[in-house]
There are 2 protein chains.
Amino acid sequence: MDTIRTTELQQHIGKRVQLHGWLHNLRQMGGIRFLVLRDGYGTAQAVTENEADFAPLLNLALESVITLEGTVTQTPQAPGGVELHQPRITAITPTTEAPPVALHKRELKAGLPVLLDHAVITNRHPARRAIFRLAAGAMAGFRATLNGMGFTEIQTPKMVASATESGANVFELDYFGRPAYLAQSPQFYKQIMVGVFERVYEVGPVFRAEPHDTSRHVNEYVSLDVEFGFIENHFTVMALLREVLAGIFTTLAERYTAELTLLHANLPIVLPEIPHIHFAAAQELIWQQHGVDVRGEPDLSPQDERWLGEWAQQEHGSDFLFVTGYPMGKRPFYTHPDPANPGYSNSFDLLFRGTELVTGGQRLHLYSDYLAALAQAGLPTAPFATYLEAFRYGMPPHGGFAIGLERLLMQLLGLPNLRLATLFPRDMQRLAP
Amino acid sequence: MDTIRTTELQQHIGKRVQLHGWLHNLRQMGGIRFLVLRDGYGTAQAVTENEADFAPLLNLALESVITLEGTVTQTPQAPGGVELHQPRITAITPTTEAPPVALHKRELKAGLPVLLDHAVITNRHPARRAIFRLAAGAMAGFRATLNGMGFTEIQTPKMVASATESGANVFELDYFGRPAYLAQSPQFYKQIMVGVFERVYEVGPVFRAEPHDTSRHVNEYVSLDVEFGFIENHFTVMALLREVLAGIFTTLAERYTAELTLLHANLPIVLPEIPHIHFAAAQELIWQQHGVDVRGEPDLSPQDERWLGEWAQQEHGSDFLFVTGYPMGKRPFYTHPDPANPGYSNSFDLLFRGTELVTGGQRLHLYSDYLAALAQAGLPTAPFATYLEAFRYGMPPHGGFAIGLERLLMQLLGLPNLRLATLFPRDMQRLAP
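(A) Summary view of the overall build of chain A. Scanning chain A from N- to C-terminus turns up 11 helices and 17 strands. Taking contacts inside chain A between residues at least 6 apart in sequence as the whole, the part at least 24 apart equals 63%.

This is the structure in structure tokens:
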């Protein structure tokens, strides 16, 4: 007798099989008893009119771990068109308490705090875990696309000596009696590694000690980082980002239909060329279309981003919009200025359905430019000594970007809070589970 | 004219092409001038007898970034059998200082501290970067093998509330005014996630505040973590680990021949069944073969591991050896005891060429067993509340393992120090670069 997964039932019709998993649901209609088993991949229903078949379940709470043997039978009215008859049940791990949140309902009926407090259990719910299966798919699509373009994966240190990139908002730790910091991003290392491999990417945690509580920020998240050399300017970077996004969504479309269907996800179309608008033109547009004068503001607000997202949809039929040329004043010191208009930068944000998803751009590459930029920013050179060494000994024009994995899922699935796209979120109030 | 990589020269013989990269070497023999360009993938040689061709290099130091145009010409005596004639050179990023370590020598002539102090530059050396290319290959092989077996990739938080797993040796950080810790491993989370996906893996950084300085430890490394449910015992885990190792080395053999050749790497053969020996039998063997009485010791020493590695080679022709059944006293509280001999555990180490590469085993899965194990270890339950929640609501028999990525490379390549297999190592003295 084969031991199979719930997703393999169709290939075993008429056969006696064995499944193992969790006791997901149990109910009775008239004289008919139904059992739903959930394994790591899906669910399967067993049916019997014989009370004795379910006797081994007598003292088991839902979420007990069981083995279910049965005959795979085509039944049009069963979920998925197939169910198990003549069930034989054995308990593997009996439990006695009902789970803190009912997992067998189609939708989890719990507020955000309960959902997160009991994430250990609530992430078992099919609609919750589908989100994290898509996260795995997004990472796989990201890597596959970049591997195909000659990128090398790197893993860079997360404990760093200087709170360098932006000064504030870093977590400090005790490193054998001296202070160290958690990396806010692999920015410096990925640039350094362009000097080694030309094209690199990293998938890993980043840490932001931002002391504000919003629905779209957490303090630790997964960053999909890319950096590569021999670019013309930020438009080279944007073109590559377009390929990466297309690769991610193609992977999801091809291999994650069950999850996308379950979550009613509406995959975006990635146009052959994603539309772009200059920062100043975007502000002008908002003024003209919405009568709000944001011209001269150093950054876009969330409301500005939503308006621009709507405009991209209406004007270009695009879920995505590049905003280019952010003012230099709001960008980090390594940002390359626009040679034609040095108050603006060769950088961009990518809005996905009206929310910032990616930040990227061209970086400075000349050693002398770095020295000047640090001086201009009033920063000392000593904490940047190893970073600067890369530029001292030859770096090509280069750029890159970082995609927030959880942000990508939140926007793709229309979730109201980034925490719902985070396996075990970290925020100002939450360090566990 | 095509812009190509150095690895694509063979497909362009007779054509005029353009390459970009770093000025790797420059020399003269008689009237013939040679230039070696290094890009992110390999090197290419350009040759000329015309001094004027190299005039643009006049004030450039090695490691300057250049464009090299030339005619691809088959030349049996050239490296790789092909070189560029009629070169035309343009400087992209001129540099003026010689790099701190000569990168153009076949071997890097520098002591370990210099190599590490200038890792930003020394990692550019072909023999250094080949190590990290193999690291990327090992991660890719690890993931591909597991994806093929129904595993889901997860990313779990690195900032955690309790210094739980082993108490000591954790880095403490300031989390908005309260203490938090860096995860020593994703152990608890990967077990919890077995309740969600059955089979999970994670590739990510782990942090060990171990205050000792050895050639085979660093304080931050990349852990390849696996955990899965519905196992029989630790032998199920060992069988899966065998497949993962075979998958990793097959990936390297198929796609990283250039790097393996450059590093004179000798790929291990992964036997269909990796030999195994029980901990007690291993101690007995050492006593009999080497006259050193280690029987009753709670652990194996590095010398013991070397002896056992030699024995596995002589007796079984195997680069790998499982040592099973380590005494419970030296294993963490979640370790499953050997039901037939509860002083020993259902755990294992895998030795690779006489050094521990992997630790793994079966875990406890019953809630009541966890409560008993914590009581036995004299540990309170409160810091483990969220971990325990997984077991309270049903977990199957499960187990897993963790491979140290850098350790794998060190042993594969016969490196004398783990730091040489680490991109930017962290140890008690070193937080930068």
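Next, the rest of the story.
(B) The arrangement of the relation of the copies chain A and chain B in detail. Note on the copies: chain A fits chain B at an RMSD of 0.0 Å, the axial shift is 0.0 Å, and the rotation between them is 180°. Taken together, these values place the two copies in the relation of a two-fold axis. In terms of proximity to the rotation axis, the leading residue of chain A is A:Leu173, whose C-alpha is 2.0 Å off the axis.

(C) Structural context of the interface of chain A and chain B. Facing the 70 residues of chain A at the interface are 70 residues of chain B. Residues of the side of chain A that touches chain B, tallied by class, amount to 39 nonpolar, 15 polar and 16 charged.

(D) Molecular detail of helix H5 (residues 234-255) of chain A. Over its 22 residues, H5(A) runs 32 Å from end to end, which matches the ideal 32 Å to within 8%, given 1.5 Å per residue. Among all positions of H5(A), only A:His234, A:Val237, A:Met238, A:Leu240, A:Leu241, A:Val244, A:Leu245, A:Gly247, A:Ile248, A:Phe249, A:Thr251 and A:Leu252 are buried.

(E) Structural detail: the sheet that holds strand E7 (residues 152-153) of chain B. All names here are of chain B. Taken in spatial order, the eight strands make up an open sheet running E7-E11-E12-E17-E16-E15-E14-E13, and their pairing is mixed. Both outer strands of the open sheet, E7 and strand E13 (276-278), are each paired with one neighbouring strand and no more. Note that strand E15 (residues 347-352) and strand E16 (residues 355-363) share six bridges and pair antiparallel. Counted as the bridge partner of leucine 351 is glutamate 356 from E16. Seen against the sheet, helix H8 (residues 302-316) touches strand E14 (320-324), E15 and E16 and runs at an angle of roughly 125° to E14. Contacting strand E12 (220-229), E15, E16 and strand E17 (398-404), helix H11 (residues 405-413) runs over the sheet at an angle of about 55° to E17.

(F) Quick look at the sheet that holds strand E16 (residues 355-363) of chain A. Residues and elements named next belong to chain A. If you trace the eight strands from one edge of the open sheet to the other, you get E7-E11-E12-E17-E16-E15-E14-E13, paired in mixed fashion. This sheet does not close on itself; its edge strands, each paired only once, are strand E7 (152-153) and strand E13 (276-278). Sheet topology places strand E12 (residues 220-229) next to strand E17 (residues 398-404); seven bridges connect them, and they run antiparallel. By the bridge assignment, glutamate 227 is partnered in E17 with glycine 400. This element, helix H7 (residues 279-290), spans E13 and strand E14 (320-324) of the sheet and lies at about 90° to E13.

(G) Broad picture of the domain arrangement of chain A. On domain assignment, one finds that chain A holds domain 1 (2-93) and domain 2 (126-421). Taking the mean C-alpha position of each, domain 1 of chain A and domain 2 of chain A sit 46 Å from one another.

(H) Main features of the environment of B:Asp293. You can see B:Asp293 is positioned in the loop between helix H7 (279-290) and H8. Sequence-wise, B:Asp293 and B:Gln283 are 10 residues apart; in three dimensions their C-alpha atoms are separated by 7.7 Å.

(I) Seen up close, helix H8 (residues 302-316) of chain A. All names here are of chain A. Helix length check: H8 (15 residues) gives 20 Å between terminal C-alpha atoms against 21 Å at 1.5 Å per residue, within 8%. Those residues of H8 not exposed but buried are Asp304, Glu305, Trp307, Leu308, Gly309, Trp311 and Ala312. Next to the buried residues of H8 lie H7, E14, strand E15 (347-352) and E16. Of the residues flanking the end of H8, it is glycine 317, one or two places downstream, whose phi is positive at about 60°.

(J) Here's a closer look at the confidence of the model for chain A. Here chain A averages 96 in pLDDT, while 99% of its residues score no lower than 70. Two summary scores accompany this predicted model of the complex, namely pTM at 0.97 and ipTM at 0.97.

(K) Looking closely at unusual backbone geometry. Residues and elements named next belong to chain A. Residue proline 433 follows alanine 432 across a cis peptide bond; omega there is 0°. Note that proline 433 resides in the segment after helix H11 (405-413). A positive phi angle, near 70°, is found at glutamate 198, a position not held by glycine. Structurally, glutamate 198 can be placed in the loop between helix H4 (187-197) and strand E11 (199-207). The exposure class of glutamate 198 is buried, given the 23 C-beta atoms found within 10 Å. The residue arginine 353 is not glycine, and still its phi comes out positive at about 50°. Within the element layout of this structure, arginine 353 appears in the loop between E15 and E16.

(L) Up close: the pairing of E11(A). Residues and elements named next belong to chain A. For E11, the buried fraction is high: nine of the nine residues fall into the buried class. When E7 meets E11, the two strands line up parallel, connected through two bridges. Of the residues in E11, the one forming a bridge with threonine 152 is valine 200. Pairing analysis gives nine bridges linking E11 to E12, with the strands arranged antiparallel. Within E12, the position partnered with arginine 199 by the bridge is phenylalanine 228.

(M) Quick look at the environment of B:Ala239. Residues and elements named next belong to chain B. Take alanine 239: it is sitting in helix H5 (residues 234-255). Overall, alanine 239 belongs to the partly exposed group, with 13 C-beta atoms counted inside 10 Å. The sequence separation of alanine 239 and isoleucine 274 amounts to 35 residues, and the corresponding C-alpha distance is 8.4 Å.

(N) Molecular detail of the environment of B:Gly42. All names here are of chain B. Position of glycine 42 among the secondary structure elements: in the loop between strand E3 (32-38) and strand E4 (43-48). Accessibility expressed as a C-beta count within 10 Å gives 18 for glycine 42, which makes it partly exposed. Separated by 88 residues in sequence, glycine 42 and alanine 130 place their C-alpha atoms 9.9 Å apart. Once residues lying within four places of it in the same chain are set aside, the contact partners of glycine 42 are Thr6 and Thr7.

Cut-offs applied
- Residues numbered from 1 in each chain as written.
- Chains lettered and ligands numbered in written order.
- Predicted model: local features only at pLDDT ≥ 70, side-chain atom pairs only at ≥ 80, totals over all residues.
- Helix = DSSP H or I, 4+ residues; strand = E, 2+ residues; numbered from the N terminus.
- Contact = placed C-beta atoms within 7 Å.
- Least-squares fit on C-alpha atoms with pLDDT ≥ 70 in both.
- Nonpolar A, V, L, I, M, F, W, Y, C, P; charged D, E, K, R; others polar.
- Expected span 1.5 Å × (residues − 1).
- Buried ≥ 20, exposed ≤ 12 C-beta atoms within 10 Å, placed from the backbone.
- Pairing = 2+ DSSP bridges.
- Axes fitted to C-alpha atoms, helices over the stretch in contact; angles between N-to-C directions.
- Domains from an automatic or database assignment.
- pLDDT = per-residue confidence, 0-100.

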